[in-house]
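Structural overview for review
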Amino acid sequence: MRYRIRSPHPPREWEVTDPALAMDRSARRSFLRSVIGAGAALALPGCGRADEGRPLAEQLTEKEAITGYNNYYELGTGKTDPKRNADALASLIDRLSPWEFEVDGLVARPGRFSLDDLTGLKAPEERIYRMRCVEGWSMVIPWEGVPLKALLDRVEPTGEARFVRFETVYRPDNPLPGQTRSVLDWPYVEGLRLDEAMHPLTLLATGIYGETLTPQNGAPVRLVVPWKYGFKGGKSLVRISLVREQPTSSWTAAAPREYGFYANVNPEVDHPRWSQATERRIGEWGRRDTLMFNGYAEEVAHLYKGMDLKKHY
């Protein structure tokens, strides 16, 4: 039975995982395996309450689908290319170990951060989010990571900072398989408004399904913004810059009529080549209605008060 979710709510730690498990990685893995193995529908931000208290309507997408059906053009344009070419990124990660990313620009305390530095700012949290691709398909993914706000608080944005620019790894002398083609201008660049970046739902993910983030899903650290289309989630990040002017995202540069800067999930604003009113959940038959802001309207709609969302798509 399908249930229509009408009243999204923010993630509650106790709904995502028991706080006693949050500090123990092996316990988290056991928890996820036990729940998923039982076929239970987990509590999700935005879909943890069904109408009239009925059972939860949404379940985690199978791990094999999450790690085997991907858009990561640095590893190829086909949906199975990222998994097939994952070893190329895994090898690069090994060569660059320990992985570091730079935070610079309009901040009082710029610096380079390792994954240990990131997780030292705040203990990693389990976050189970919907993911909606602009192509019209969706998943429900269990991430692990640190709210981006924790990092931004650490570097102290100055009063001039208005946007955050994200840059994905690119080594011209040793490009990843997909970067040998001029599908996009490399490196891949994405951006958020500062208040979007500081929102508590915005995550720097370092894990998935209770394990280390896989290369095809953006290892070792990627951006997750659950109310936006998936292409906003820059992967394998090497630089985060606080800037004054709105950065030009890679897909916006490539096709500005099709991919706007904001990229908020909006069933009322169609892609020029297809409707966004419905979506195909991977692992399900048929289609389901697309929810405004991907089901997170209660948490994020205030960020866009007074904006024309058809103009600022």
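Residues numbered from 1 in each chain as written. Predicted model: local features only at pLDDT ≥ 70, side-chain atom pairs only at ≥ 80, totals over all residues. Heavy atoms only, no water.

Attention now moves to the overall build of the protein. Of the regular secondary structure elements, the protein holds 11 helices and 12 strands. Going through the 313 residues of the protein one by one, you find that 54% of them count as buried. In the protein, once contacts between residues fewer than 6 apart in sequence are set aside, the share between residues at least 24 apart is 71%. In the structure as shown, the protein presents an accessible area of about 14000 Å², 50% of it carried by carbon and sulfur atoms. (Helix = DSSP H or I, 4+ residues; strand = E, 2+ residues; numbered from the N terminus. Buried < 20%, exposed > 50% of the residue type's maximum accessible area, 1.4 Å probe, protein only. Contact = heavy atoms within 4.5 Å. Areas by Shrake-Rupley, 256 points an atom, 1.4 Å probe, with all protein chains shown as cover.)

Every buried residue of helix α6 (residues 86–95) is listed here: Ala 86, Leu 89, Leu 92 and Ile 93. One side of α6 holds all its buried residues, which, seen down the axis, span an arc of 125 degrees. When the buried face of α6 is taken as reference, the exposed residues oriented beyond 90 degrees from it are Asp 87 and Asp 94. Where the residues of α6 are buried, they touch α5 (81–84). (Arc of directions from axis to C-beta.)

Taken together, the buried positions of helix α8 (residues 148–155) are Leu 148, Ala 150, Leu 151, Leu 152 and Val 155. Taken from the residues just after α8, Glu 156 is the one with a positive phi, measuring 60 degrees.

Bringing the side chain of Ser 114 into the picture now. Tracing the backbone through its elements, the reader meets Ser 114 in strand β2 (residues 111–114). In this structure Ser 114 touches Trp 99, Glu 100 and Phe 101, once residues within four positions along its chain are discounted.

Further remarks concern the nonpolar core. The biggest cluster of nonpolar side chains holds 75 residues, and the ones touching the most others in it are Trp 143, Leu 151, Leu 204, Trp 227, Ile 240 and Leu 242. With 6 residues, strand β4 (residues 137–147) is the largest single contributor of residues to this core. (Core = buried A, V, L, I, M, F, W, Y, C linked by side-chain atoms within 4.5 Å.)

Further remarks concern the pairing of strand β6 (residues 189–193). Counted residue by residue, β6 has 5 buried out of 5 residues, so it is predominantly covered. Bridge analysis of strand β5 (residues 163–168) against β6 gives 5 bridges, and the strand direction is antiparallel. Within β6, the residue paired with Phe 166 across the bridge is Glu 190. (Pairing = 2+ DSSP bridges.)

On to the environment of Asp 153. Following the sequence through the fold, Asp 153 ends up in helix α8. Residues Asp 153 and Val 107 lie 46 residues apart in sequence; the distance between their C-alpha atoms is 9.8 Å. At 2.7 Å, the side chain of Asp 153 forms a polar contact with the side chain of Lys 149. (Polar contact = N/O pair within 3.5 Å; in protein donor to acceptor, adjacent residues only side chain to side chain.)

Taken in spatial order, the 5 strands line up as β2-β1-β10-β5-β6 in an open sheet, and their pairing is mixed. This sheet does not close on itself; its edge strands, each paired only once, are β2 and β6. Within this sheet the neighbouring strands show an average axis-to-axis angle of 20 degrees, counted without direction. (Axes fitted to C-alpha atoms, helices over the stretch in contact; angles between N-to-C directions.)

Taken as a whole, this structure holds 23 salt bridges when the rule is applied. With its nearest N and O atoms 3.0 Å apart, the salt bridge here joins Lys 79 to Glu 135. Of this pair, Lys 79 sits in the loop between α4 (63–66) and α5 while Glu 135 sits in the loop between β3 (125–132) and β4, and the two are 56 residues apart along the sequence. Three or more residues joined by partner-sharing salt bridges are found here, namely Glu 58, Arg 130, Arg 132, Glu 279, Arg 281, Glu 284 and Arg 288. (Salt bridge = Lys/Arg side-chain N within 4 Å of Asp/Glu carboxyl O.)

Inspection of the entire model under this criterion finds 10 aromatic pairs. Taking the centre distance of 5.0 Å and the plane angle of 80 degrees together, the rings of Tyr 69 and Trp 137 count as edge-to-face. Placement of Tyr 69 in the loop between α4 and α5 and of Trp 137 in strand β4 is noted, with a sequence separation of 68 residues between them. Considering the side-chain rings of Trp 251 and Tyr 259, the 5.1 Å spacing of their centres and the 50 degrees angle between planes classify their relative orientation as tilted. The two residues Trp 251 and Tyr 259 agree in class, both being buried. (Phe/Tyr/Trp six-rings, centres within 6.5 Å; stacked < 30°, edge-to-face > 60°.)

Residue placement: Thr 61 occurs in the loop between α3 (25–37) and α4. When its relative accessible area of 3% is taken as the criterion, Thr 61 is described as buried. A distance of 2.8 Å separates a polar side-chain atom of Thr 61 from the backbone nitrogen of Val 140. If near-sequence neighbours (up to four positions away) are discounted, Thr 61 is found in contact with Ile 66, Met 139, Val 140, Tyr 209, Arg 281 and Ile 282.

Scored by pLDDT, the protein comes out at a mean of 86, with 82% of its residues at no less than 70. Across residues 1–24, where pLDDT falls below 50, the model places 55 contacts with residues more than four positions away in sequence or in other chains. (pLDDT = per-residue confidence, 0-100.)

This next bit is on the environment of Asn 71. Within the secondary structure, Asn 71 sits in the loop between α4 and α5. Expressed as a C-alpha distance, the spacing of Asn 71 and Gly 230, which sit 159 residues apart in the sequence, is 8.7 Å. Apart from the residues within four sequence positions on either side, Asn 71 is in contact with Lys 79, Cys 133, Glu 135, Trp 137 and Lys 235.

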